[in-house]
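Chain by chain, the residues run as shown.
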Amino acid sequence: MAPPAQPGAQGGRGSKGPPARKLLCMCSLSLCLTYLCYSLMGGTGPGALRSPAGLRGSPAPRALRASPAPRALRSPAGLRASPATPAPPTRASNASRPGVSADAWLRTALAPGEVIAAPSGAFERDPQESSTTDEELSRAGSTTPDYGEKRLPQALIIGVKKGGTRALLEAIRAHPDVRAVGVEPHFFDRNYEKGLEWYRNVMPKTLDGQITMEKTPSYFVTNEAPKRIHSMAKDTKLIVVVRNPVTRAISDYTQTLSKKPEIPTFEVLAFKNRTLGLIDASWSAIRIGIYALHLENWLQYFPLSQILFVSGERLIIDPAGEMAKVQDFLGLKRIVTEKHFYFNKTKGFPCLKKPEDSSAPRCLGKSKGRTHPKIDPDVIHRLRKFYKPFNVMFYQMTGQDFQWEQEESDK
Ligand SMILES: Nc1ncnc2c1ncn2[C@@H]1O[C@H](COP(=O)(O)OS(=O)(=O)O)[C@@H](OP(=O)(O)O)[C@H]1O
């Protein structure tokens, strides 16, 4: 059941390259140097990641090729924490600690590849809801029909946060050959010490031939996740829903704002120094969107052909089209088609049609599709410029042009 190769998916680990490869290596080096500067500054120094000046010296990656070099961002030794290094201390817990400001929580710098997570042992349900408890997770594993077996997942939706991961999971769950756990298990970032048996127990039961899935969007930015998933099963299929990183950052901020209305404005958080145009790439809302850097970590363990990139934008405008790709990738019959969706004007999003055995159509909850605050267009412009070289590199690495540069406006 080998997945069909994606465009440009042939250059797996260790592929040698033609001249284009050299160009990509140069671009990689340039991005890595920028990243090194950022790392050395600890995300706090006055020169931290000035966007995009720090990247100007780099040759602009050329137009998208059919055969990108997926390992192009391989960092020089020492640039990135080794995937084998122990999990760095987690940070998000500050938010819930008395006396720690929301600003501190939001701005806490992340080491390269660091988990953006709550403390080990804490769970997070998809922010459609609030937070998942241990009890809920065990319930998730026990409310499934009493036939079949619990199995470790063969496919994972690993990211990105606010990319459209819930919409994708709910749509693929409509397939009869897919069973998925509804909550986010956070096994490969927060609960790894609980062991694979714990993880298996969280999963629904499946019959032979059915695929077990889960989604935890923070895996994509978790340094240890690729190695851990690889050691569970090296043929695990990985799905990443990506979205314009500027819009994604605003969506991320909007979610935080909904829980903590006292936080500073997006404009304040986005910059280290607005006059100088210094983007604060240590802010997780911005850092998560540097997809090329995170992807590089995954390509050390998985060939590109084992990773499917779903467009978060297309998932809204053409859910059936994206679902066709997902089903092909998973080796499934195309059962989830346009017949399964309708566009809900009130919600402003596609929803799943009422299944025959259920009483209501399924739109995602209120936490999906929140109205974003209006952001200063100059800030949007600066962020676009900041992300552009990383986006271009991401297109080169994946062999897919997500066309984020063409978007006129952000929601
Ligand atoms: N069908 C449908 N219905 C509702 N929302 C949809 C849908 N498809 C994609 N989206 C977009 O998904 C965004 C939330 O992404 P995630 O589900 O990955 O968020 S989370 O990380 O799990 O919190 C969410 O982002 P916001 O609009 O910023 O809330 C939506 O734009």
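Residues numbered from 1 in each chain as written. Predicted model: local features only at pLDDT ≥ 70, side-chain atom pairs only at ≥ 80, totals over all residues. Heavy atoms only, no water.

If you look the protein up in an unreviewed UniProt entry, it shows as Sulfotransferase from Platysternon megacephalum. Listed under Sequence similarities (unreviewed entry) in UniProt, the entry text for the protein is "Belongs to the sulfotransferase 1 family." (UniProt positions renumbered as here; feature names shortened; annotations may be inferred.)

Looking now at the packing of aromatic side chains. By the definition in use, this model includes 22 aromatic pairs. Here F187 and W198 contribute two aromatic rings whose centre-to-centre distance is 6.0 Å and whose plane-to-plane angle is 25°, an arrangement assigned as stacked. One end of the pair, F187, is in the loop between β3 (178–180) and α5 (195–202); the other, W198, is in helix α5, and eleven residues separate them in sequence. W198 matches F187 in its accessibility class, with the two residues each being buried. An aromatic cluster is defined as three or more aromatic residues linked by ring pairs; in this entry it consists of F187, F188, Y192, W198, Y199 and Y219. The aromatic ring of F329 is capped on one face by K237, whose charged end is 5.8 Å from the ring centroid. (Phe/Tyr/Trp six-rings, centres within 6.5 Å; stacked < 30°, edge-to-face > 60°. Helix = DSSP H or I, 4+ residues; strand = E, 2+ residues; numbered from the N terminus. Buried < 20%, exposed > 50% of the residue type's maximum accessible area, 1.4 Å probe, protein only. Lys NZ or Arg CZ within 6 Å of the ring centre and 35° of its normal.)

Let us look at the UniProt feature "active site" (unreviewed entry) in the protein. When the UniProt feature table is mapped to this numbering, "active site" (unreviewed entry) covers K162. Positionally, K162 belongs in the loop between β2 (155–159) and α4 (165–172). Discounting residues that sit within four places of it in the chain, K162 has contacts with R243, R248, S251, D252, Q255, S367, K368 and R370. (Contact = heavy atoms within 4.5 Å.)

Here four bridges tie strand β10 (residues 341–344) to strand β11 (residues 349–352), and the two strands are oriented antiparallel to one another. By the bridge assignment for β11, F341 is matched with L352. Hairpin remark: β10 followed by β11, antiparallel, with four residues in the connecting loop; positive phi at G348, about 80°. (Pairing = 2+ DSSP bridges.)

We now examine the packing of α4 against helix α12 (residues 319–329). One can describe the packing of α4 onto α12 by two numbers: an axis separation of 11 Å at closest approach and a directional angle of 65°. Relative to α12, α4 is oriented roughly perpendicular. Regarding α4 and α12, the two cross each other, and that crossing is right-handed. Facing α4, whose interface residues are L168, A171 and I172, α12 presents M323, V326 and Q327. (Axes fitted to C-alpha atoms, helices over the stretch in contact; angles between N-to-C directions. Parallel < 35°, antiparallel > 145°, perpendicular 65-115°, else oblique. Left-handed = near helix turned anticlockwise from the far one by under 90°.)

In terms of burial, β2 is largely enclosed, as five of its five residues are buried. In terms of strand pairing, β2 meets strand β5 (residues 211–215) through three bridges, oriented parallel. Across the sheet, residue I157 finds its bridge partner in β5, namely K215. As paired elements, β2 and strand β6 (residues 237–242) share four bridges and run parallel to each other. Of the residues in β6, the one forming a bridge with L156 is L238.

In the neighbourhood of the ligand, 26 residues make up the surrounding shell, with T165, K215, S251, G369 and H372 lying closest. Within the side chain of K368, one N or O atom sits 3.1 Å away from an oxygen atom of the ligand. In isolation the ligand exposes 640 Å². Once the protein is present, 97% of that is buried. Of all the secondary-structure elements, those providing two or more residues to the shell around the ligand are α4, α7 (245–259) and β11. For the shell around the ligand, the leading source of residues is α4, giving three residues. Looking at the shell around the ligand residue by residue, the class counts come to eight nonpolar, eight polar and ten charged. (Near = heavy atom within 4 Å. Polar contact = N/O pair within 3.5 Å; in protein donor to acceptor, adjacent residues only side chain to side chain. Areas by Shrake-Rupley, 256 points an atom, 1.4 Å probe, with all protein chains shown as cover. Nonpolar A, V, L, I, M, F, W, Y, C, P; charged D, E, K, R; others polar.)

Here, UniProt's "binding site: 3'-phosphoadenylyl sulfate" (unreviewed entry) annotation points to K162, G163, G164, T165, R166, R243, S251, K368, G369, R370, T371 and H372. Structurally, the position occupied by K368 is in the loop between β11 and α13 (377–398). Considering the arrangement of structural elements, one finds G369 in the loop between β11 and α13.

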